[in-house]
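Letter by letter, the chains look like this.
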Amino acid sequence: MSKLILSLEDGTLKEYRLDRERIRIGRKPGNDIRINDAAVSGEHALVITILNDSFLEDLASTNGTKVNGKPVEKCFLRHEDIIEIGKFKLTYVHEDAPAPDFEKTVMLRPLASPAMLPASASTPDVAPQPQSPPAGQAMAAMRLLTGPSAGRELDLVKNLTTLGKPGVQVALITRRPQGFFVAHVDGDRSPVLNGQAIGFQSHPLQNHDILELVGIRMEFFLR
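Note that the structure is a prediction, hence the values are computed from the model and not measured.

(A) Highlighting the side chain of K3. Mapping K3 onto the fold places it in strand β1 (residues 2-7). At 3.3 Å, the side chain of K3 forms a polar contact with the side chain of E15. In contact with K3, other than residues within four places in its own chain, are E15, Y16, R17, L18, T91, Y92, V93 and E95.

(B) Local environment of the pairing of strand β6 (residues 53-58). Most of β6 sits inside the fold, with five of its six residues counted as buried. By the bridge criterion, six bridges tie strand β5 (residues 45-50) to β6 in an arrangement that is antiparallel. Looking at β6, one finds that A45 is bridged to D58. Between the end of β5 and the start of β6, which pair antiparallel, lie two residues, with L51 showing a positive phi angle near 55 degrees. Sheet topology places β6 next to strand β9 (residues 74-76); three bridges connect them, and they run antiparallel. Of the residues in β9, the one forming a bridge with F55 is F76.

(C) Representation of unusual backbone geometry in the model. A positive phi is found at N68, a non-glycine position, where the angle reads about 55 degrees. If you trace the backbone, N68 turns up in the loop between β7 (65-67) and β8 (70-72).

(D) Spatial organisation of the packing of aromatic side chains. Applying the stated rule across the entire model yields two aromatic pairs. The interplanar angle of 50 degrees and the centroid separation of 5.2 Å between the aromatic rings of F55 and F76 together place this pair among those described as tilted. Taken together, the positions of F55 in strand β6 and F76 in strand β9 put the pair 21 residues apart, joining distant regions of the chain. Each member of the pair F55 and F76 is classed as buried. On the numbers, 5.6 Å between centres and 55 degrees between planes, the contact of F180 with F220 is tilted. With F180 in strand β16 (residues 179-186) and F220 in strand β21 (residues 216-222), this residue pair connects regions lying 40 residues apart in the sequence. The positively charged end of R143 is found above the aromatic ring belonging to F221, 4.1 Å away from the centroid.

(E) A look at the nonpolar core. Ranked by size, the top nonpolar core spans 21 residues in total, and within it L4, I33, I35, V47, L56, I83 and L90 carry the most contacts. Taken together, the elements giving at least two residues each to this core come down to β1, β3 (22-26), β5, β10 (82-85) and β11 (88-94). By residue number, the principal contributor to this core is β11, which donates three residues. Apart from residues no more than four positions distant in its own chain, L56 is found in contact with A45, L46, V47, T65, V67, V72, E73, K74, C75, L77 and I83. Among the nonpolar cores identified, the runner-up in size contains 19 residues, and L154, L156, A171 and I216 belong to it.

(F) The sheet that holds β8, seen in detail. Taken in spatial order, the six strands of this open sheet run β2-β1-β11-β10-β7-β8, and their pairing is antiparallel. This sheet does not close on itself; its edge strands, each paired only once, are β2 (13-17) and β8. With strand direction ignored, the average angle separating the axes of adjacent strands in the sheet is 30 degrees. Examined bridge by bridge, β10 and β11 share four bridges and lie antiparallel to one another.

(G) Region of interest: the environment of D32. Of note, D32 is situated in the loop between β3 and β4 (33-34). Residue classification places D32 among the partly exposed residues on the basis of a relative accessible area of 33%. Polar side-chain contacts of D32 include one of 2.3 Å to the side chain of R20.

Definitions and cut-offs
- Residues numbered from 1 in each chain as written.
- Predicted model: local features only at pLDDT ≥ 70, side-chain atom pairs only at ≥ 80, totals over all residues.
- Heavy atoms only, no water.
- Helix = DSSP H or I, 4+ residues; strand = E, 2+ residues; numbered from the N terminus.
- Polar contact = N/O pair within 3.5 Å; in protein donor to acceptor, adjacent residues only side chain to side chain.
- Contact = heavy atoms within 4.5 Å.
- Buried < 20%, exposed > 50% of the residue type's maximum accessible area, 1.4 Å probe, protein only.
- Pairing = 2+ DSSP bridges.
- Phe/Tyr/Trp six-rings, centres within 6.5 Å; stacked < 30°, edge-to-face > 60°.
- Lys NZ or Arg CZ within 6 Å of the ring centre and 35° of its normal.
- Core = buried A, V, L, I, M, F, W, Y, C linked by side-chain atoms within 4.5 Å.
- Axes fitted to C-alpha atoms, helices over the stretch in contact; angles between N-to-C directions.

Fair warning: the whole summary comes from geometry, so function is off the table for now.
Encoded structure:
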């Protein structure tokens, strides 16, 4: 399990285990990690943990969030990353830090839509994917049902796959031993699964489930 270690001005440390999917950081009461300082926004940042992976999202804070000295809006966290919020620092510690997983999708990439594609692009901006999943694991894909790329299929062969438009609506699909799960990770509006908003919890995906994301309907199916 991962944790955040908060360094206080007097040199003491406080530990917060990332034992829930969402951990909020901010000045207001009710945050999971409360930092009562004027430089910290009421709701400053969010840490989302899926399986063994965590990533950080700045919640449009006034003074911003840095990771290892660089301003970020959202990023995957790696063992011993230093998160800076105001004058406070939190160290991300992955207690079972694994070897690098080159199968992860680490960038949020948009699906095909005139408003989402780069001006020169003609196909969806998705990361190249391996031709087959690890041995012994089910093969699955998303088939786009609407939009300019209707009919296109995206193989879900990575441990983490992000779909959608950053800042608008993003869903994360994870491959787990129990199967595939979908979670809402960015944007004000929750993606819709089989006609129901998925909210802030992970949901298992079943064969032929219909996911609606950034105005595009897509079908999850097992090959």
